[in-house]
Amino acid sequence: MKRFFPWVAAAAWVLLAGFAQAADEFLEPEVAFKLSGRALDGQRIEIRFDVAPGYYLYGDKFSAEAGPPEVRLGPLQVPKGKIKFDETFQKDVETFRDSVTMTVALASPATAPFKLVVGNQGCADKGLCYPPTQRAFRVDPGPGGAPMRLALLSEAQAAAWMPVVAGAGIAKVNEVATSDAADRSGFSLALESKNLLWVAS
């Protein structure tokens, strides 16, 4: 019996070491799918993802929402991607590698700062599928009809900053939940806790 416990402890150590090594193999989603944006003019915004080698994004998981509700967006214009059979979803899906650039237009020029929330989901070729992710920009209207100004917000900033229009409500934009570790992504915390439930077999 005494010989059994050292064997169990050794096996547990090897298992945890394997999880740690697997975690080190994958990039944080913000690095694997680098997001940037710029205003083309007073109403149109260009959104770009630069995808790291060995990773890809799903075309049907892109989204763009704005708040407050007075800011109305047109449809997100996404180019055509490549179709592949996806082992995770067991069906043909549209995917993007390397980079993808899309545009979204405001129904009318903005008169006050607003939040633009961009959604995406992607995977790594090695088998990890990330959960759906949202990141946000603060968008400020340009003076005198000049192009708008965009600033990418951190997770904590996005959760804390909410544009308010006098006498109006706030758009529900799937707000990022706050926590004691608001500056760290849920993916990072999951890796540190060895919770690799998102790894696709």
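As the structure is a computational prediction, the values presented were derived from the model and not from experiment.

We now examine the environment of tryptophan 161. Relative to the assigned elements, tryptophan 161 resides in the loop between helix H3 (155-160) and helix H4 (186-192). Residue tryptophan 161 is classed as partly exposed on the basis of its relative accessible area, which comes to 21%. Along the sequence, tryptophan 161 and phenylalanine 114 sit 47 residues apart, while their C-alpha atoms lie 9.7 Å from each other.

A few words on the sheet that holds strand E2 (residues 44-51). If you walk across this open sheet you meet the three strands as E1-E2-E7, and the pairing is antiparallel. Every interior strand has two partners, whereas the edge strands, strand E1 (33-39) and strand E7 (99-105), have only one. Taken over all neighbouring pairs, the strand axes of this sheet differ in orientation by 20° on average, direction set aside.

On to the side chain of asparagine 120. Considering the arrangement of structural elements, one finds asparagine 120 in strand E8 (residues 114-120). Not counting residues within four places of it along the chain, the set of residues in contact with asparagine 120 comprises Phe33, Phe49, Leu57, Lys61, Phe62, Pro132, Thr133 and Arg135.

What follows is about the sheet that holds strand E6 (residues 91-96). If you walk across this open sheet you meet the four strands as E5-E6-E3-E9, and the pairing is antiparallel. Only two strands of the sheet have a single neighbouring strand rather than two, namely strand E5 (82-86) and strand E9 (122-124). Pairwise comparison of adjacent strand axes, ignoring direction, gives a mean angle of 45° for this sheet. One ladder, built from three bridges, connects strand E3 (residues 55-58) with E9; its direction is antiparallel. Bridge pairing links tyrosine 56 to cysteine 123 in E9.

In terms of nonpolar packing, the biggest core is built from 30 residues, with Phe33, Ile45, Ile47, Phe49, Tyr55, Phe114 and Leu116 touching the most fellow members. Among the elements that take part in this core, E2 stands out by supplying four residues, more than any other. The contacts of phenylalanine 114, once residues within four sequence positions are left out, are Ile45, Ala66, Gly67, Pro68, Val71, Leu106, Phe137, Arg138, Val139, Met148, Trp161 and Pro163. Counting residues in hydrophobic clusters, the runner-up holds five residues, among them Tyr56, Tyr58, Val93 and Cys123.

One pass over the structure, following the stated rule, counts six salt bridges. Its salt-bridge partner being arginine 44, residue aspartate 41 comes within 2.8 Å of it at the nearest N-O pair. A salt bridge links aspartate 140 to arginine 138, with the shortest nitrogen-to-oxygen separation between them at 3.2 Å. Looking at arginine 138, the relative accessible area reads 27%, which means it is partly exposed.

Quick notes on the rules
Residues numbered from 1 in each chain as written. Predicted model: local features only at pLDDT ≥ 70, side-chain atom pairs only at ≥ 80, totals over all residues. Heavy atoms only, no water. Helix = DSSP H or I, 4+ residues; strand = E, 2+ residues; numbered from the N terminus. Buried < 20%, exposed > 50% of the residue type's maximum accessible area, 1.4 Å probe, protein only. Pairing = 2+ DSSP bridges. Axes fitted to C-alpha atoms, helices over the stretch in contact; angles between N-to-C directions. Contact = heavy atoms within 4.5 Å. Core = buried A, V, L, I, M, F, W, Y, C linked by side-chain atoms within 4.5 Å. Salt bridge = Lys/Arg side-chain N within 4 Å of Asp/Glu carboxyl O.

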